[in-house]
Amino acid sequence: MNNHEKYDIKLASEVNIDALSTFYKLAYPDRHKLIFKYMKWYYRTSLFNLEPLVIEIDNEIVGHAGMMSSYLSYNNNIYKSIWFIDYIILPKYRGKGLGKILTKKWMDCCPTKLTFCNDHSLHIFKKFGWKEDKTFFRAAKILNYNKFIPIVKNMNESLLNLINFNKYLNLINKNKMIKPYPISGNHHHLLDYIFSYEKKLKDIKKIRILRDENWFYWRIMESPFLLDYYFFKTEESLIIVHKFFHKKIKRLNIILTLSSNKKDQINLFRSIIKWSVEENIDLIWLNSNDKIIKDNFKKILPNISNLNFAFSSVDKNLENTMNGNFENIQAIDGDNDLMYSNDN
């Protein structure tokens, strides 16, 4: 960075509100209104009173580092942590060292840090001593290939759905379908199941996101996407999904799956496929580090790719325990689902 370029790092609440809005339009054109309007919810600022950092040069916002607060639970101890999200330096200002400066300042906000990230960010984090956990993956299934073929994807939506061959396969699929419930109005059933499941995990020697009542009401009930959330449930399995459009693709993100019965879980996944075809879903997607899902659901969600997941903690005993020892971190945790949301 040139000596004449002086930078300043501030809290998002300390900068001019119009300047912040303009920056978000440049940095996140598909979801700038969402981030701006629901910032306190999006970054869960109330949990630890933490908020995004911005970096300015000559009073212009040129970079941003978001954080989403969360508790971790391990061995009957509770740890504060933050997810590193919405990190960006505007293209004009890259290559000046600003990213490293902003990352270092962000890392001082909380003792334990987590992130899903791209290859470039992972390279930076490793320079700061972060560790990588290579057990995380993304699994997906395309239900309407027409939406992904350049020549035909811009055709009329109704016509593309009509010529989707999965529609006709679904007609001969005689498997009984477990139908979903909207979460809005049915959340008490959901809450009871999640708490019961989390209670069973209490004594497991794994690091997990603390999904308590406070977490549930923040992540689910206060979400601006509540009306787009559904859940599929049996006595021994639960799956929460998020249905929405992203860049003309109708997506179904499986954001949380909990199960104590593999056969039950498979039946729920099959019901999700059948229901998704009826709902003209184009793509089904999930994130996980659950080896059972990866090994046993290849035929249901055949498109599997690796995810970059990194972590760091000033508590080195905790950090040494983390690698390969996270329990059931999914798209509902961090921003892997939210980053596909848009303002429409």
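Caption draft 1: Looking closely at the pairing of strand S7 (residues 137-142). Within S7, 6 of the 6 residues are buried, leaving the element largely enclosed by the surrounding structure. Of the two faces of S7, both are covered, the one formed by Phe 137, Ala 139 and Lys 141 as well as the one formed by Arg 138, Ala 140 and Ile 142. In the sheet, S7 pairs with strand S13 (residues 283-288) via 6 bridges, with the strands oriented antiparallel. When the bridges of S13 are listed, Arg 138 appears paired with Asn 287. With 4 bridges joining them, S7 and strand S14 (residues 303-306) adopt antiparallel strand pairing.

Caption draft 2: Broad picture of unusual backbone geometry. Even without glycine at this site, Asp 58 takes up a positive phi of about 55°. By the secondary structure assignment, Asp 58 is in the loop between strand S2 (53-57) and strand S3 (60-74). Positive phi is not limited to glycine here, since Lys 248 has a value of about 70°. One can find Lys 248 in the loop between strand S11 (237-246) and strand S12 (249-259). A relative accessible area of 63% places Lys 248 in the exposed class.

Caption draft 3: Inspection of the environment of Asp 192 at higher detail. Its place among the elements puts Asp 192 in helix H9 (residues 187-201). Classification of Asp 192 by relative accessible area gives exposed; the value is 54%. Counting along the chain gives 21 residues from Asp 192 to Glu 213, while the straight-line C-alpha distance between them is 10.0 Å.

Caption draft 4: View of the layout of surface pockets. Put simply, the largest pocket is a space of about 900 Å³. Asp 86, Tyr 87, Ile 88, Asn 118 and Ser 121 are the residues nearest the centre of the largest pocket, which is lined by 37 residues in total. Elements supplying a minimum of two residues to the lining of the largest pocket: strand S4 (77-89), helix H5 (98-107), strand S5 (112-116) and helix H6 (119-127).

Caption draft 5: Layout of the side chain of Glu 132. By the secondary structure assignment, Glu 132 is in strand S6 (residues 131-133). Looking at Glu 132, its side chain comes within polar contact range of the side chain of Lys 126, at 2.8 Å. Among residues more than four places away in sequence, those in contact with Glu 132 are Leu 122, Lys 126, Asn 308, Phe 309, Ala 310, Phe 311 and Asn 323.

Caption draft 6: Here's a closer look at the sheet that holds strand S10 (residues 229-233). Taken in spatial order, the 7 strands make up an open sheet running S8-S10-S11-S12-S13-S7-S14, and their pairing is mixed. With one partner strand each, in any of the chains shown, strand S8 (181-182) and S14 form the two edges of the open sheet.

Cut-offs applied
Residues numbered from 1 in each chain as written. Predicted model: local features only at pLDDT ≥ 70, side-chain atom pairs only at ≥ 80, totals over all residues. Heavy atoms only, no water. Buried < 20%, exposed > 50% of the residue type's maximum accessible area, 1.4 Å probe, protein only. Helix = DSSP H or I, 4+ residues; strand = E, 2+ residues; numbered from the N terminus. Pairing = 2+ DSSP bridges. 1 Å grid on protein atoms, 1.4 Å probe; cavity = no way out; pocket = protein on both sides within 12 Å on 5 of 7 lines; lining within 4 Å. Points joined across faces, edges and corners; volume = space filled by probe spheres on them. Polar contact = N/O pair within 3.5 Å; in protein donor to acceptor, adjacent residues only side chain to side chain. Contact = heavy atoms within 4.5 Å.

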